[in-house]
Amino acid sequence: MLPTLTQIKAAGVKLGLISNGYGDFQFANLQALCIDHLFDEILISEWEELRKPDPACRRNESHLETKRAV
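Residues numbered from 1 in each chain as written. Predicted model: local features only at pLDDT ≥ 70, side-chain atom pairs only at ≥ 80, totals over all residues. Heavy atoms only, no water.

1. Some details on the overall build of the protein chain
Then step 1. The helix and strand tally for the protein chain stands at 3 helices and 2 strands.
Then step 2. Of all 70 residues assigned to the protein chain, the portion counted as buried reaches 26%.
Then step 3. Here the analysis covers contacts within the protein chain between residues at least 6 apart in sequence; of these, 54% occur between residues at least 24 apart.
Then step 4. Counting every atom, the protein chain has about 5,100 Å² of accessible surface; 57% of that belongs to carbon and sulfur. (Helix = DSSP H or I, 4+ residues; strand = E, 2+ residues; numbered from the N terminus. Buried < 20%, exposed > 50% of the residue type's maximum accessible area, 1.4 Å probe, protein only. Contact = heavy atoms within 4.5 Å. Areas by Shrake-Rupley, 256 points an atom, 1.4 Å probe, with all protein chains shown as cover.)

2. Points about the pattern of salt bridges
Then step 1. Summed over the entire model, instances satisfying the criterion amount to 1 salt bridge.
Then step 2. For Lys9, the salt bridge is made with Asp40, and the minimal N-O distance between the two is 2.7 Å. Within this pair, whereas Lys9 is found in helix 1 (residues 2-10), its partner Asp40 is found in the loop between helix 2 (23-32) and strand 2 (41-44), the two being separated by 31 residues in sequence. (Salt bridge = Lys/Arg side-chain N within 4 Å of Asp/Glu carboxyl O.)

3. Some remarks on the confidence of the model for the protein chain
Then step 1. Here the protein chain shows a mean pLDDT of 80. Residues at 70 or above account for 76%.
Then step 2. Mean pLDDT values for the elements of the protein chain range from 82 in helix 3 (residues 45-48) up to 93 in helix 2. (pLDDT = per-residue confidence, 0-100.)

4. As for the side chain of Gln26
Then step 1. Along the chain, Gln26 falls in helix 2.
Then step 2. For Gln26, a relative accessible area of 17% translates into the label buried.
Then step 3. Within the structure, Gln26 has its side chain in polar contact with the backbone oxygen of Asn20 (distance 2.8 Å). (Polar contact = N/O pair within 3.5 Å; in protein donor to acceptor, adjacent residues only side chain to side chain.)

5. Some details on the side chain of Ser19
Then step 1. Within the secondary structure, Ser19 sits in strand 1 (residues 16-19).
Then step 2. Residue Ser19 is classed as buried on the basis of its relative accessible area of 13%.
Then step 3. There is a polar contact of 2.6 Å between the side chain of Ser19 and the side chain of Gln26.
Then step 4. Excluding residues within four positions of it along the chain, Ser19 makes contact with Gln26, Leu43, Ile44, Ser45 and Lys52.

6. A few points about the pairing of strand 2
Then step 1. With burial as the criterion, each face of strand 2 is covered, one bearing Glu41 and Leu43 and the other bearing Ile42 and Ile44.
Then step 2. Chirality of the crossover, the property in question, places the unit of strand 1, helix 2 and strand 2 among those that are right-handed. (Right-handed = clockwise from strand over helix to strand, strands pointing away.)

Following this line, the structure appears as structure tokens:
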């Protein structure tokens, strides 16, 4: 996973992550995997007071200029 995310980031793609769960726990997992620095935006449901699939979770998506795979 790390090589793939690193390659995507190196290509200039902005990455965002949306996760349901407890903030400290989920963020600690991202840090333990050494991938937290690769994301331009991290939204964790406890901190955002939202849960997927609530569309409001994607409110910051526009500044990431995301492109969805077809």
